[in-house]
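Chain by chain, the residues run as shown.
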Amino acid sequence: MRPFAYVSARDVESAVEAVAEHPGARFLGGGTNLVDLMREGVERPRTVVDISRLPLTGIEELPDGGLRIGALVRNSRLAADPLVRSRCPVLAQAVLNGASGQLRNMATVGGNLLQRTRCPYFYDTASRCNKREPGAGCDAMEGFSRSAAVLGTSGECIAAHPSDMCVALAALDAVVEVRSVRGTRRVPFGELHRLPGGTPHIETALDGDELITAVELPPLPLAARSRYRKVRDRASYAFALVSVAAALEVRDGAVADVRLALGGVGAKPWRAHEAEALLRGAPAVEESFRRAADAEFAAAEGRSAPTGMPDSRRAADADGQGARAGNEFKIELGRRTVVAVLRRLADEGSGA
Amino acid sequence: MVEVRLRVNGTAREIDVEPQVSLLDALRERLGMTGTKKGCDQGACGACTVLADGERICSCLALAVQYDGREITTIEGVDHPLQAAFTEHDGFQCGYCTPGQICSAIGMLAEHKAGAPSAVTEELDGDGAELTDDEIRERMSGNLCRCGAYNGIVDAVREVAGP
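Throughout, a residue's number is its position along its own chain's written sequence, starting from 1. To read the labels, note that chains go from A and ligands from 1, taken in the order they are written. Given that this is a predicted model, residues contribute local features only at a pLDDT of at least 70 and side-chain atom pairs are listed and counted only at 80 or more, while totals for whole chains, interfaces and linings are drawn from all residues. With hydrogens and water stripped out, all remaining heavy atoms of the structure feed into the side-chain values.

Identification of chain B as Carbon-monoxide dehydrogenase small subunit from Streptomyces daqingensis is taken from an unreviewed UniProt entry.

Here it is in structure tokens:
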């Protein structure tokens, strides 16, 4: 690992000041992603500001009934919290489906929001990657695309966002509180992550010197009836091929309200707005669920060529949008997982 | 160089390390405690698992400087019924992953006792899941065994966890 200067921050003020004073400095929380990327030479900060001792470790109920989660709450503590488990089981389940017991004891909520893609070409510094090195090109386009996204991709980047926790937060309309030397601001979760477009190296709406201090969940009674389902190559300890976070309220046989977000398939944690709009007011039956899932994945499917055609000859190549031969299975897998989760919520209720 | 004070297996230790040195390398190379193993060095295999203030972590992704002032337990400091149970149930073949498996299992049993749920726990708002084989396998999934001694590992953990 390249040497770097180390600063241990005493409080939030000194942390944001230290990063503002050292261009290119990075905040270090649990280290489960950043330390790995530094060892691989993908991240090369000259200064690391250790924020792991800052007192941002509380989970509190807000006066309006929402929840405030400190940015340095460890993943394991978040998933075990009684309020989180009973009020939004989808969040506890999403966190528990990520990484391993050891890593969840280290990884923080703030760091999870900023974790970087697991695209193998991003990690391999011998490969071309526009995210790692702007303008270099993308070896994933014609390469191994099993882990890549099918929604929100561009001609520059098809990497999938890796987080499970973020999928639940997208469904729950979370708000992210960030702090810098310029003050405090609040970013709606849907605006936190950016689609790759022509600048895949710019992944969030945050400036480099902004520190995530908390995540707030607005009161959402619907979230008590929610669940997370993750489909992956192994039964445990693997990134998602497809995942679904959903909350559903059925009244008189119709969908009164719904929240739906997808993981493993999007260039960012994917809130399924299109599917939600179709579901609201529709009969809470399999046919409605299927139609909503079809609509959400339509953008992924429209351009896909018949299976077997080399990636390089596919229409998707023109602008990088839609699925590739190596990951077009995610479209049908994603639809079926959406339907299965909604059906179970309609039949049985939440994961709690 | 940064001065780091650790309590390792009950003994106070002081070392000067560069900030990029992992807790794993500090234990093995600076303190000469080679019981903790380096497998993947990227948090994927669990061979480097140690306990920090009783919680299991991957020491390869932990910078030693971040653990200043903490209590670290490595396999050299473990005296636990799991060790005999692993021997009894053939919970290993080559033994390379075993220190990590044992430390991980100790941390896992404490998590379970404290009521922490897992990804296979059905009743999330219940008092805590029974430690079934499915629960053991899910909770221990961060420790890989290339020899494939998983059945023995599950048997050993189940025996120690008790009814």
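Still more ground to cover, so stick around.
1. As for the overall build of chain A
Inclusion rule: What counts as a helix is a DSSP run of H or I of at least four residues, what counts as a strand is a run of E of at least two, and both are numbered from the N terminus. In this treatment the radius of gyration is a C-alpha quantity, and the globule benchmark scales as 2.2 Å times the residue count to the 0.38 power. Classification of residues uses two cut-offs on accessible area relative to the type maximum, computed with a 1.4 Å probe and protein chains only: under 20% is buried, over 50% is exposed, and between them is partly exposed. Whether two residues are in contact is decided by their heavy atoms, any of which lying within 4.5 Å being enough. What sets the accessible areas is the Shrake-Rupley method with a 1.4 Å probe; for residues, cover comes only from the shown protein chains. The positive count covers Lys and Arg only, the negative count covers Asp and Glu only, and His and the chain ends enter neither. For charged residues, the charge sits on one atom: NZ in Lys, CZ in Arg, CG in Asp, CD in Glu.
Secondary structure summary: chain A contains 13 helices and 12 strands in total. Radius of gyration (C-alpha) of chain A: 20 Å, near the 20 Å computed for a compact globule of 352 residues. With respect to the principal axes defined by its C-alpha atoms, chain A has extents near 55 × 55 × 35 Å. Out of the 352 residues in chain A, the part that is buried amounts to 60%. Partitioning the contacts of chain A with sequence separation of at least 6, the portion at a separation of at least 24 is 64%. Only carbon and sulfur atoms are counted for the fraction: they give 49% of the accessible area of chain A, which is about 13600 Å². Between the averaged position of the 46 positive side-chain charges in chain A and that of its 44 negative side-chain charges there is a distance of 4 Å.

2. Points about the interface of chain B and chain A
Put simply, the rule reads: Summed over both partners, the accessible area lost on bringing two parts together, with a 1.4 Å probe, is the buried area. Salt bridge, as used here: a side-chain nitrogen of Lys or Arg that lies within 4 Å of a carboxyl oxygen of Asp or Glu. Counting of polar contacts relies on pairs of N or O atoms within 3.5 Å, with two restrictions inside protein: one atom must be capable of donating a hydrogen and the other of accepting it, and residues adjacent in sequence are counted only when both atoms are side-chain atoms.
Each partner contributes to the interface: chain B provides 39 residues, whereas chain A provides 37 residues. At the boundary of chain B with chain A, total buried surface from both sides reaches about 3000 Å², with 51% on carbon and sulfur atoms. Considering only the side of chain B, the residues that lose the most area to chain A are Leu61(B), Gln66(B) and Leu124(B), jointly responsible for 24% of the buried surface there. Counting the contacts that link chain B with chain A gives 2 salt bridges. Residue Asp41(B) pairs with Arg39(A) through a salt bridge whose shortest N-O separation is 3.4 Å. The interface formed by chain B and chain A contains 18 residue pairs in polar contact (both at pLDDT 80 or more). Only strand E4 (55-58) and helix H3 (98-113) of chain B provide two or more residues apiece to the side of chain B that touches chain A. Looking at which element gives the most residues to the side of chain B that touches chain A, the answer is E4(B), with 4 residues.

3. Digging into the sheet that holds strand E5 (residues 71-73) of chain B
All names here are of chain B. The test is simple: The rule for pairing is simple: two strands pair if DSSP sees at least two bridges between them. Angles here are taken between N-to-C directions and fall from 0 to 180 degrees, while the axes themselves are lines fitted to C-alpha atoms, restricted in helices to the stretch in contact.
A sheet is described by the order of its strands in space; here 5 strands give the open sequence E2-E1-E5-E3-E4, paired in mixed fashion. At either margin of the open sheet sits one strand with a lone partner, and together these are strand E2 (11-17) and E4. When the angles between neighbouring strand axes are averaged without regard to direction, this sheet yields 40°. Sheet topology note: the strand E3 (residues 49-52)/E4 ladder contains 4 bridges and is antiparallel. Along E4, the bridge assignment pairs Val 50 with Ile 57. Packed on one face of the sheet, helix H1 (residues 23-30) meets strand E1 (2-8), E2, E3, E4 and E5 and runs near 105° to E2.

4. Brief notes about the packing of helix H12 (residues 286-301) of chain A against helix H13 (residues 329-348) of chain A
All names here are of chain A. Filter applied, for reference: What sets the label is the angle itself: under 35 degrees gives roughly parallel, over 145 gives roughly antiparallel, 65 to 115 gives roughly perpendicular, and the rest give oblique. Crossing chirality is assigned from the near helix's rotation relative to the far helix, an anticlockwise turn below a right angle marking it left-handed and a clockwise turn marking it right-handed. Nonpolar residues are Ala, Val, Leu, Ile, Met, Phe, Trp, Tyr, Cys and Pro. Charged residues are Asp, Glu, Lys and Arg, and all others, Gly as well, are polar.
Closest axis-to-axis distance for the H12/H13 pair is 9 Å, and the angle between their directions is 150°. On the basis of their axis angle, the class for H12 and H13 is roughly antiparallel. In this structure, H12 meets H13 at a crossing whose hand is right-handed. Residue-level inspection shows Glu 286, Phe 289, Arg 290, Ala 293, Asp 294, Phe 297, Ala 300 and Glu 301 of H12 in contact with H13, the latter providing Lys 330, Ile 331, Glu 332, Gly 334, Arg 335, Arg 336, Val 338, Val 339, Leu 342, Arg 343 and Ala 346. Of the residues assigned to the contact of H12 with H13, the class counts are 9 nonpolar, 1 polar and 9 charged.

5. Some remarks on the environment of Arg26(A)
Residue and element names in this part refer to chain A. Here Arg 26 shows up in strand E2 (residues 26-28). By relative accessible area, Arg 26 is classed as partly exposed at 29%. Between the C-alpha atom of Arg 26 and that of Ser 52, which follows or precedes it by 26 residues, the distance is 13 Å. Ignoring anything within four residues of it in the chain, the contact list for Arg 26 reads Leu 34, Glu 43, Pro 45, Thr 47, Val 48 and Val 49. A polar side-chain atom of Arg 26 sits 2.5 Å from a polar atom in the side chain of Glu 43.

6. Some details on the pattern of salt bridges
Across all of its chains, the model carries 44 salt bridges over all chains by this definition. In this structure, the salt-bridge partner of Arg344(A) is Glu122(B), at a minimum N-O distance of 3.4 Å. Of this pair, Arg344(A) sits in helix H13 while Glu122(B) sits in the loop between H3 and helix H4 (133-139), which puts the two residues in different chains. The shortest N-O distance in the salt bridge between Asp155(B) and Arg158(B) comes to 3.0 Å. Of this pair, Asp155(B) and Arg158(B) both sit in helix H5 (residues 150-161), separated by 3 residues, roughly a single helical turn. Each of the salt bridges in this network shares a partner with another, and the network as a whole consists of Asp173(A), Asp257(A), Arg259(A), Arg271(A), Glu276(A) and Arg280(A).

7. Section: the sheet that holds strand E11 (residues 254-263) of chain A
All names here are of chain A. Read from one edge to the other, the open sheet built from 4 strands follows the order E9-E10-E11-E12, with strand pairing classed as antiparallel. With partners counted over all chains shown, the strands left at the sheet margins are strand E9 (226-231) and strand E12 (270-271), one partner each. Strand direction decides the pairing type here: E11 and E12, joined by 2 bridges, are antiparallel. Along E12, the bridge assignment pairs Ala 261 with Arg 271. Against the sheet, H13 makes contact with E9, strand E10 (242-251) and E11, and its axis sits at roughly 35° relative to E10, the strand it touches most.

8. Notes on the pairing of E1(B)
Residues and elements named next belong to chain B. Bridge analysis of E1 against E2 gives 7 bridges, and the strand direction is antiparallel. Along E2, the bridge assignment pairs Val 8 with Thr 11. Once E1 ends, the chain turns through 2 residues before running back antiparallel as E2, passing Asn 9 with a positive phi of about 50°. Sheet topology note: the E1/E5 ladder contains 2 bridges and is parallel. By the bridge assignment, Val 8 is partnered in E5 with Ile 72.

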